[in-house]
Amino acid sequence: MRSTIIFLCFVLLSVAEDQFLQYGAGNRELARYRERVKILHDLLIEECQVKSVDRLRRELVTDEMVDNALTDLRVEKLLYARLRKMLIDCQHKKFVKDTTTLKTAPPTKPTTTPTTTTTPTTTTTTTTPAPTTMPTTTTTPAPTTTPTTTTTPAPTTTPTTTTTPAPTTTPTTTTTPAPTTTPTTTTTPAPTTTPTTTTTPTPTTTPTTTTPPAPTTTPTTTTPPPPSECINAVNLTENWRLDHTGSNLKPIRNRWNCDTRTMVYTGRPWFRFSGNAGTRMLNQCPPSLSCGSAGSIWSDQPLPKVIGQETAVHAYTRYGGNCKHMTWKMSVMRCSTDFNDIVYKFQGGDRCYNSFCGMK
């Protein structure tokens, strides 16, 4: 009988110890979920307009639930799931709105580079020789003079011959004898006609060879589509990201911005700087309290040159007097040949308050 009582006491003590351990573990898990609910609620108040957590918690509690630790834990789990879905839906709506704004923006006029095609020109020169003129030679024979015989010798007269190229003139030789009783005989030679032969050269025909120019082939360049990370990237467009003067702006409901927490709770999406936020991340250390937060994130790491290649780099937080107060792991990717067409991905942890700085 005594041993039975001792055994029952041992069983009761074991059951009580198990319940105590379960109660302690349940309280710790409940505290963790309440902290998660508080963080999600702060993000929803900053970025989206939502009703209070207490009202959502009351909607989740049913008449059958009893107010104890296990029921509270169940309520916090359901509330955490509801808030997380609301934050994801809100971020998706903002992304769709930004994408629609970019699509409706006026397109940039493409730059057309003129293409000059040089076609070789073949010039054919045909030379026609000038007609050759053969000179005409006219030969006039010297006139024959028959002297007159008298008892007194007659003086000798030398005839004069004049040669003129065409027209041809036949000279006349007149012999006047000395005055005698003998009559004077004058002999005039008959004119001699020399035929003129004109030779017309045969025209020379030079064959003309025309060589057609070689066809010009213009190479066709096909641009591949951008990577999916670039297509689905979130756009940061806030103008306070270009504040590099330490103005201590508080753009989120009079509070500092915290990009590091937002990126962690939205699944660390790829993002880019566009519009009023600039074109890429600031590449030099800004003054403290710049870019809408207490900590200003910048990076002087080199940008990748290959399109679509994910590259690991470091970014830094400027806080107080230290340009590299904190170091963050980042990924960058080039989307096109445009130097500023870059997307980023935050690989660090959840710490506030830190904001990404942009530049033009």
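Placed above this text is the structure.
Calculation notes
- Residues numbered from 1 in each chain as written.
- Predicted model: local features only at pLDDT ≥ 70, side-chain atom pairs only at ≥ 80, totals over all residues.
- Heavy atoms only, no water.
- Disulfide = S-S within 2.5 Å.
- Helix = DSSP H or I, 4+ residues; strand = E, 2+ residues; numbered from the N terminus.
- Buried < 20%, exposed > 50% of the residue type's maximum accessible area, 1.4 Å probe, protein only.
- Salt bridge = Lys/Arg side-chain N within 4 Å of Asp/Glu carboxyl O.
- Pairing = 2+ DSSP bridges.
- Contact = heavy atoms within 4.5 Å.
- Axes fitted to C-alpha atoms, helices over the stretch in contact; angles between N-to-C directions.

Draft legend 1. Up close: the state of the cysteines. Here the structure, examined in full by the defined rule, presents four disulfides. A disulfide bridge connects C285 with C323, and the sulfur atoms are separated by 2.1 Å. For the disulfide bridge between C285 and C323, the dihedral angle about the S-S bond is near -95°, and by the sign convention the bridge is left-handed. Of this pair, C285 sits in the loop between β3 (280-281) and β4 (295-298) while C323 sits in strand β6 (residues 322-334), and the two are 38 residues apart along the sequence. On the basis of relative accessible area, C285 is assigned to the partly exposed category, the value being 26%. Paired by a disulfide, C291 and C357 hold their sulfur atoms 1.9 Å apart. Judged by the torsion about the S-S bond (120°), the C291/C357 disulfide is right-handed. Of this pair, C291 sits in the loop between β3 and β4 while C357 sits in the loop between β8 (354-356) and β9 (358-359); the two residues are 66 residues apart in sequence, bridging distant segments of the chain. In this structure, C291 and C357 share a single accessibility class: buried.

Draft legend 2. Highlighting the pattern of salt bridges. Inspection of the entire model under this criterion finds eight salt bridges. For R34, the salt bridge identified is with E76, shortest N-O distance 3.9 Å. Remark: E76 occurs in helix α3 (residues 69-104) and R34 occurs in helix α1 (residues 2-47); sequence separation between them is 42 residues. What emerges from the salt-bridge pattern is a single network uniting R34, D72 and E76.

Draft legend 3. Region of interest: the pairing of β4. Of the two faces of β4, the one lined by G295 and I297 and the one lined by S296 and W298 are each fully buried. Two elements, β4 and β8, share three bridges in a ladder whose sense is parallel. Within the sheet, the bridge partner assigned to I297 lies in β8 and is F356. Relative to strand β5 (residues 311-319), β4 runs antiparallel, the two sharing three bridges. By the bridge assignment for β5, W298 is matched with Y316.

Draft legend 4. Structural context of the environment of K360. Tracing the chain through its elements places K360 in the segment after β9. Relative accessible area serves as the criterion here: at 71%, K360 is assigned to the exposed category. Considering only alpha carbons, one finds K360 and N340, 20 residues apart in sequence, at a separation of 8.8 Å. When neighbours within four sequence positions are excluded, K360 is seen to be in contact with L242, G278 and T279.

Draft legend 5. Local environment of unusual backbone geometry. Omega for the peptide link from C352 to Y353 comes to 5°, which places this bond in the cis form. Counting through the fold element by element, Y353 comes out in the loop between β7 (342-346) and β8. The phi angle at N248 is positive, at roughly 55°, despite the residue not being glycine. Tracing the backbone through its elements, the reader meets N248 in the loop between β1 (234-236) and α5 (259-265). The phi dihedral of C291 falls on the positive side, at around 60°, and the residue is not glycine. Taking the relative accessible area as the measure of exposure, C291 reaches 0% and is therefore buried.

Draft legend 6. Just the side chain of T317, in detail. Position of T317 among the secondary structure elements: in strand β5. Ignoring any residue separated from it by four or fewer positions in sequence, one finds T317 in contact with G295, S296, I297, N322, C323, K324, H325, M326, W328 and N354.

Draft legend 7. Broad picture of the sheet that holds β1. Strand order in the open sheet made by the seven strands is β1-β2-β7-β6-β5-β4-β8, with mixed pairing throughout. Strands with a single pairing partner mark the edges of an open sheet, and in this sheet they are β1 and β8. Here the average twist between neighbouring strands, direction ignored, is 40°.

Draft legend 8. Structural context of the environment of C323. A relative accessible area of 26% places C323 in the partly exposed class. In this structure, C323 is in contact with C285, W298, Y316, T317 and R318, ignoring residues within four places of it in sequence.

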